[in-house]
Amino acid sequence: MTLSAEELKLLSTKAIAAKAAAYFPRCLPPSSSGPYSNFRVGACVLTEQQEFISGANVENASYPVGTCAERVALGTAVFAGHKQFKAIAVATDSKHPASPCGMCRQL
Ligand SMILES: [Zn+2]
């Protein structure tokens with residue numbers, strides 16, 4: 001399955017915009033040992049019905065309770081009745097590509 005250039009552009013734009021909704025109380029100063037990632041992630045899925053559904057990471061002081069952007073977007077889409085997807089885009093603030101975690105890959 002291929003995406004059109006327009007679908008790819010919209011998917012990318014919406015995933016980047018979704019980062020603004022990321023929830024992680026910032027640790028000041030940033031601490032690598034704290035429960036929060038200080039890492040914004042946005043995601044957008046394109047459904048077979050041509051709907052774009054976005055999500056962002058939602059973190060919690062209890063680290064395992066937090067949810068990745070990909071799972072927020074997919075869960076929101078499934079809750080809205082979508083079961084078939086064409087593509088997902090994930091955006092971070094990193095200069096380097098970031099790979100989804102194992103749980104998101106499984107989902
Ligand atoms: Zn994940």
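- The protein chain is annotated in an unreviewed UniProt entry as CMP/dCMP-type deaminase domain-containing protein of Elaphomyces granulatus.
- Recorded in UniProt under Sequence similarities (unreviewed entry), the annotation for the protein chain is "Belongs to the cytidine and deoxycytidylate deaminase family."

## Focus on the layout of surface pockets
So, point 1. The computed volume of the largest pocket comes to approximately 410 Å³.
So, point 2. Considering the residues around the largest pocket, the lining is formed by 22 residues, among which Asn 57, Glu 59, Tyr 63, Cys 68 and Cys 101 are closest to the centre.
So, point 3. Looking at the lining of the largest pocket, the elements that each hand over two or more residues are α2 (69-79) and β3 (85-92).
So, point 4. Residues of the lining of the largest pocket, tallied by class, amount to 12 nonpolar, 7 polar and 3 charged.
So, point 5. The volume enclosed by the second largest pocket comes to roughly 210 Å³.
So, point 6. Lining the second largest pocket are Glu 70, Leu 74, Gly 75, Val 78, Phe 85, Lys 86, Ala 87, Ile 88, Val 90, Pro 100, Cys 104 and Leu 107.
So, point 7. Listed by contribution, the elements that provide at least two residues to the lining of the second largest pocket are α2 and β3.
So, point 8. Of all the elements, β3 adds the most residues to the lining of the second largest pocket, at 5 residues.
So, point 9. Among the residues forming the lining of the second largest pocket, the class breakdown is 9 nonpolar, 1 polar and 2 charged.

## Considering unusual backbone geometry
So, point 1. Phi at Asn 38 is positive, roughly 55°, even though this residue is not glycine.
So, point 2. Relative to the helices and strands, Asn 38 resides in the loop between α1 (5-18) and β1 (41-47).
So, point 3. On the basis of relative accessibility, which here comes to 23%, the residue Asn 38 falls in the partly exposed class.
So, point 4. Phi angles above zero are rare outside glycine, and Gln 50 is one such case at about 65°.
So, point 5. Note on placement: Gln 50 falls in the loop between β1 and β2 (52-56).
So, point 6. With relative accessibility at 39%, the residue Gln 50 sits in the partly exposed group.

Thresholds applied
- Residues numbered from 1 in each chain as written.
- Predicted model: local features only at pLDDT ≥ 70, side-chain atom pairs only at ≥ 80, totals over all residues.
- Heavy atoms only, no water.
- UniProt positions renumbered as here; feature names shortened; annotations may be inferred.
- 1 Å grid on protein atoms, 1.4 Å probe; cavity = no way out; pocket = protein on both sides within 12 Å on 5 of 7 lines; lining within 4 Å.
- Points joined across faces, edges and corners; volume = space filled by probe spheres on them.
- Helix = DSSP H or I, 4+ residues; strand = E, 2+ residues; numbered from the N terminus.
- Nonpolar A, V, L, I, M, F, W, Y, C, P; charged D, E, K, R; others polar.
- Buried < 20%, exposed > 50% of the residue type's maximum accessible area, 1.4 Å probe, protein only.

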